[in-house]
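Each chain, letter by letter, is given below.
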Amino acid sequence: MSKAVRLAAGDLDAAEAVLEEGALAKTVVHLDAGGGLSSGVWESEAFTWETDGYPVDETCVIIEGVVEFRYPDGSIETYGPGEAFAVKKGTPLVWHQDG
């Protein structure tokens, strides 16, 4: 029988930190349904990452901290705890977070 999967920041306590985009990050994948769909919890130190095209379609809910997206047209969007965002694959942006 399938059940819902709870995603919680505390799941990261036992995860090993790895270097991603120049910052230490932890990831726990709870569900990998195939076809590119997965669900999990992620945290990272402060970093800034620029891409000409976001590598995947992604939806995130911010549990702690703040994420700022800067776009080529100069606009900025900021997301904090309790807020969600979706990024389409191929979107050019600068991802910035203070950790």
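In the block above lies the structure referred to throughout.
We now turn to the structure provided with this report. Just so we're clear, the structure is a prediction, and the values are computed from it rather than from any experiment.

Bringing the overall build of the chain into the picture now. Helix and strand counts for the chain stand at zero helices and nine strands. Going from the N terminus to the C terminus, the chain shows its helices and strands as β-β-β-β-β-β-β-β-β. Viewed in the frame of its principal axes, the chain has a C-alpha envelope of about 50 × 25 × 25 Å. A total of 99 residues make up the chain; the buried ones form 26% of that total. Considering only intrachain contacts with a sequence separation of at least 6, the fraction spanning at least 24 residues in the chain is 48%. Total accessible area on the chain is roughly 6800 Å²; 50% of this is exposed by carbon and sulfur atoms. For the chain, the centre of its 6 positive side-chain charges and the centre of its 18 negative side-chain charges are spaced 9 Å apart.

Moving on to the pairing of strand 9 (residues 93–97). Counting buried positions along strand 9 gives five out of five residues, so the element sits mostly inside the fold. Two strands pair when backbone bridges link them, and strand 6 (residues 67–70) and strand 9 are joined in this way by four bridges, in the antiparallel orientation. Bridge pairing links Glu68 to His96 in strand 9.

Pairing in this open sheet of four strands is antiparallel, and the strands run 4-9-6-7 from one edge to the other. Each edge of the open sheet is held by one strand with a lone partner, namely strand 4 (47–51) and strand 7 (76–79). Here the strands of the sheet are splayed against their neighbours by 15 degrees on average, with no regard to which way each runs. Two strands pair when backbone bridges link them, and strand 4 and strand 9 are joined in this way by five bridges, in the antiparallel orientation.

Rules behind the numbers
- Residues numbered from 1 in each chain as written.
- Predicted model: local features only at pLDDT ≥ 70, side-chain atom pairs only at ≥ 80, totals over all residues.
- Heavy atoms only, no water.
- Helix = DSSP H or I, 4+ residues; strand = E, 2+ residues; numbered from the N terminus.
- Buried < 20%, exposed > 50% of the residue type's maximum accessible area, 1.4 Å probe, protein only.
- Contact = heavy atoms within 4.5 Å.
- Areas by Shrake-Rupley, 256 points an atom, 1.4 Å probe, with all protein chains shown as cover.
- Lys, Arg positive; Asp, Glu negative; His and termini not counted.
- Charge placed at Lys NZ, Arg CZ, Asp CG, Glu CD.
- Pairing = 2+ DSSP bridges.
- Axes fitted to C-alpha atoms, helices over the stretch in contact; angles between N-to-C directions.

Everything listed here is a matter of geometry and, on its own, says nothing about what the molecule does.
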